[in-house]
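A look at the structure
Letter by letter, the chains look like this.
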Amino acid sequence: MIEQLGLLLISLLANGLSAMAGGGAGLLQLPVLLFLGLSFSTALATHKIASVALGLGATLRHLKESTLERRFCGYILATGLPGVVLGGIVILQIPEKSP
């Protein structure tokens, strides 16, 4: 329970800083996931899914303010999301190397 609370707080901090600075959540989030004991592949896949969620939130905000070209956003989403999902699936299939 303490680990989940810590992860929640660090994720909120990392994504808050990322929102203010325009990126960089992975600088904090990925190392914290590794520190909490997740395997590299699981931590990377988790981080990538969180990055997509952050991007979707930003997209919705900009769509509400009408500052985005909808066709271009659709193109970027249609080409980017499958890559993120496929990459997450592939990295989870790679066996961990034991020390």
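Cut-offs used in this document
- Residues numbered from 1 in each chain as written.
- Predicted model: local features only at pLDDT ≥ 70, side-chain atom pairs only at ≥ 80, totals over all residues.
- Heavy atoms only, no water.
- Helix = DSSP H or I, 4+ residues; strand = E, 2+ residues; numbered from the N terminus.
- Buried < 20%, exposed > 50% of the residue type's maximum accessible area, 1.4 Å probe, protein only.
- Contact = heavy atoms within 4.5 Å.
- Areas by Shrake-Rupley, 256 points an atom, 1.4 Å probe, with all protein chains shown as cover.
- Axes fitted to C-alpha atoms, helices over the stretch in contact; angles between N-to-C directions.
- Parallel < 35°, antiparallel > 145°, perpendicular 65-115°, else oblique.
- Left-handed = near helix turned anticlockwise from the far one by under 90°.
- Nonpolar A, V, L, I, M, F, W, Y, C, P; charged D, E, K, R; others polar.
- Expected span 1.5 Å × (residues − 1).
- pLDDT = per-residue confidence, 0-100.
- Patch = residues over 30% accessible without salt bridge, like charges linked within 9 Å, V, L, I, M, F, W, Y side chains within 5 Å.
- Salt bridge = Lys/Arg side-chain N within 4 Å of Asp/Glu carboxyl O.

1. Considerations on the overall build of the chain
Along the backbone of the chain there are four helices and zero strands. Listed N to C, the secondary structure of the chain is α-α-α-α in terms of helices and strands. Within the chain, the fraction of its 99 residues that count as buried is 18%. Once local pairs closer than 6 in sequence are excluded, the contacts in the chain between residues at least 24 apart make up 41%. For the chain, the accessible surface area stands at approximately 7,400 Å², while carbon and sulfur atoms represent 72% of it.

2. As for the packing of helix α3 (residues 40-64) against helix α4 (residues 70-93)
Contact geometry for α3 and α4: axes closest at 9 Å, N-to-C directions at 165 degrees. When the interaxial angle is binned, α3 and α4 end up roughly antiparallel. The two elements α3 and α4 meet at a crossing, and its hand is left-handed. Of the residues in α4, those in contact with S41, T42, L44, A45, K48, V52, L56 and L63 of α3 are R70, L77, L81, V84, G88, I91 and L92. Considered class by class, the residues forming the contact of α3 with α4 number ten nonpolar, three polar and two charged.

3. Description of α4
In this model α4 runs 35 Å from its N-terminal to its C-terminal C-alpha over 24 residues, within 8% of the 34 Å that 1.5 Å per residue would give. Taken residue by residue, α4 has C73, G88 and I91 as its buried positions. Each element contacted by the buried residues of α4 is listed here: α3.

4. Observations concerning the confidence of the model for the chain
The share of residues in the chain with pLDDT of 70 or more is 90%, and the mean pLDDT across the chain is 77. Mean pLDDT values over the elements of the chain span from 73, in helix α1 (residues 2-21), up to 83, in α4.

5. Some remarks on the environment of I89
Looking at where I89 falls in the secondary structure, it is placed in helix α4. With 44 residues separating them in the primary sequence, I89 and A45 have C-alpha atoms 7.7 Å apart.

6. Section: the environment of I10
On the secondary structure map, I10 appears in helix α1. Judged by its relative accessible area of 32%, I10 is partly exposed. In this structure, the C-alpha to C-alpha distance between I10 and L28, residues 18 residues apart in sequence, is 7.8 Å.

7. Here's the deal with a nonpolar patch on the surface
A surface patch of nonpolar side chains, about 410 Å² in accessible area, is lined by L5, L8, L9 and L12. Within the fold, L8 resides in helix α1. The exposure class assigned to L8 is partly exposed, which follows from its relative accessible area of 47%.

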